[in-house]
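Here is what each chain is made of, one letter per residue.
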Amino acid sequence: FGRYAMVVPHENQDNTSLFIVISGAGWVQIGDERARINHGEAVVWPVGEPHGAYTDGTEMRAIVVELTGRQPALIDGTVKSTIAEGTDSPLGAETSEKAPAPPTQGHLAERKVTRDEYDSSEGEPW
């Protein structure tokens, strides 16, 4: 993302996405909720939820990972727990014994940044 760049809010009909910021900072949106996001942070964009990202005078580099099939369950730990019990595969392959994972519900987690955590080389000054 260059300065004042934007991923226009849209919905994914088939895939849950992970938006991972690897450098810089910007803003993310899920529905009407918006929050600042910095390098090293990520957000989950669930299926069917309007979402987007933008910058406000800073630059940001991000990776978007699209999860298909039952893999969104990896986010909430349900597949991880069934792998430990030996009832599912690491890739979340469907089995006749298990129903598909329910859709994820998206929201932005609250993050409080203290002045000591702020890196003046990244993003806008306070």
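Everything numeric in this text was worked out from a predicted model, so none of it was measured. (Residues numbered from 1 in each chain as written. Predicted model: local features only at pLDDT ≥ 70, side-chain atom pairs only at ≥ 80, totals over all residues. Heavy atoms only, no water.)

## A word on the environment of Ile63
Thinking step 1. Counting through the fold element by element, Ile63 comes out in strand E6 (residues 60–67).
Thinking step 2. Residues Ile63 and Ala42, spaced 21 residues apart in sequence, show a C-alpha to C-alpha distance of 9.3 Å.
Thinking step 3. With near-sequence residues (within four places) excluded, Ile63 lies in contact with Leu18, Phe19, Ile20 and Ile22. (Helix = DSSP H or I, 4+ residues; strand = E, 2+ residues; numbered from the N terminus. Contact = heavy atoms within 4.5 Å.)

## A closer look at the pairing of strand E5 (residues 51–54)
Regular strands place their side chains on alternate faces of the sheet.
Thinking step 1. In terms of strand pairing, strand E1 (residues 6–10) meets E5 through three bridges, oriented antiparallel. Paired with Met6 across the strands is Tyr54, a residue of E5.
Thinking step 2. With four bridges connecting them, strand E2 (residues 16–30) and E5 associate as antiparallel partners. Each bridged residue has a counterpart across the sheet, and for Trp27 the counterpart in E5 is Tyr54. (Pairing = 2+ DSSP bridges.)

## A closer look at the pattern of salt bridges
Thinking step 1. Evaluation of the coordinates by the stated rule reveals one salt bridge.
Thinking step 2. Taking the shortest distance from any N to any O, the salt bridge between Asp56 and Arg36 comes out at 3.6 Å. Of the two residues, Asp56 is situated in the loop between E5 and E6 and Arg36 in strand E3 (residues 33–38); the sequence distance between them amounts to 20 residues.
Thinking step 3. Owing to a relative accessible area of 25%, Asp56 belongs among the partly exposed residues under this scheme. (Salt bridge = Lys/Arg side-chain N within 4 Å of Asp/Glu carboxyl O. Buried < 20%, exposed > 50% of the residue type's maximum accessible area, 1.4 Å probe, protein only.)

## Notes on the packing of aromatic side chains
Thinking step 1. Enumeration over the complete set of coordinates arrives at three aromatic pairs.
Thinking step 2. Their ring planes at 10° and their centres at 6.4 Å tell us that Trp27 and Tyr54 sit as a pair that is stacked. Linking Trp27 in strand E2 with Tyr54 in strand E5, this pair joins segments that are 27 residues apart in sequence.
Thinking step 3. Classification of Trp27 by relative accessible area gives partly exposed; the value is 25%.
Thinking step 4. One aromatic cluster is present, formed by Phe1, Phe19 and Trp45 through successive ring pairs. (Phe/Tyr/Trp six-rings, centres within 6.5 Å; stacked < 30°, edge-to-face > 60°.)

## Some points on the nonpolar core
Thinking step 1. Among the nonpolar cores identified, the biggest contains nine residues, and these are Phe19, Val21, Val28, Ile30, Ile37, Val43, Trp45, Ala53 and Met60.
Thinking step 2. Those elements giving two or more residues to this core turn out to be E2 and strand E4 (42–45).
Thinking step 3. Per-element tally for this core: the top contributor is E2, with four residues. (Core = buried A, V, L, I, M, F, W, Y, C linked by side-chain atoms within 4.5 Å.)

## Things to note about unusual backbone geometry
Thinking step 1. One non-glycine residue with positive phi stands out, namely Tyr4, at about 60°.
Thinking step 2. Among the structural elements, Tyr4 can be located in the segment before E1.
Thinking step 3. Tyr4 gets classed as exposed once you look at its relative accessible area, which sits at 64%.

## Points about the side chain of Ser17
Thinking step 1. You can see Ser17 is positioned in strand E2.
Thinking step 2. A polar atom in the side chain of Ser17 sits 2.9 Å from the side chain of Asn12.
Thinking step 3. Of the polar contacts made by the side chain of Ser17, one reaches the side chain of Glu66; its length is 2.9 Å.
Thinking step 4. Sequence-distant contacts of Ser17, that is, excluding residues within four places in its chain, are made with Asn12, Val43, Val44, Trp45, Val64, Val65 and Glu66. (Polar contact = N/O pair within 3.5 Å; in protein donor to acceptor, adjacent residues only side chain to side chain.)

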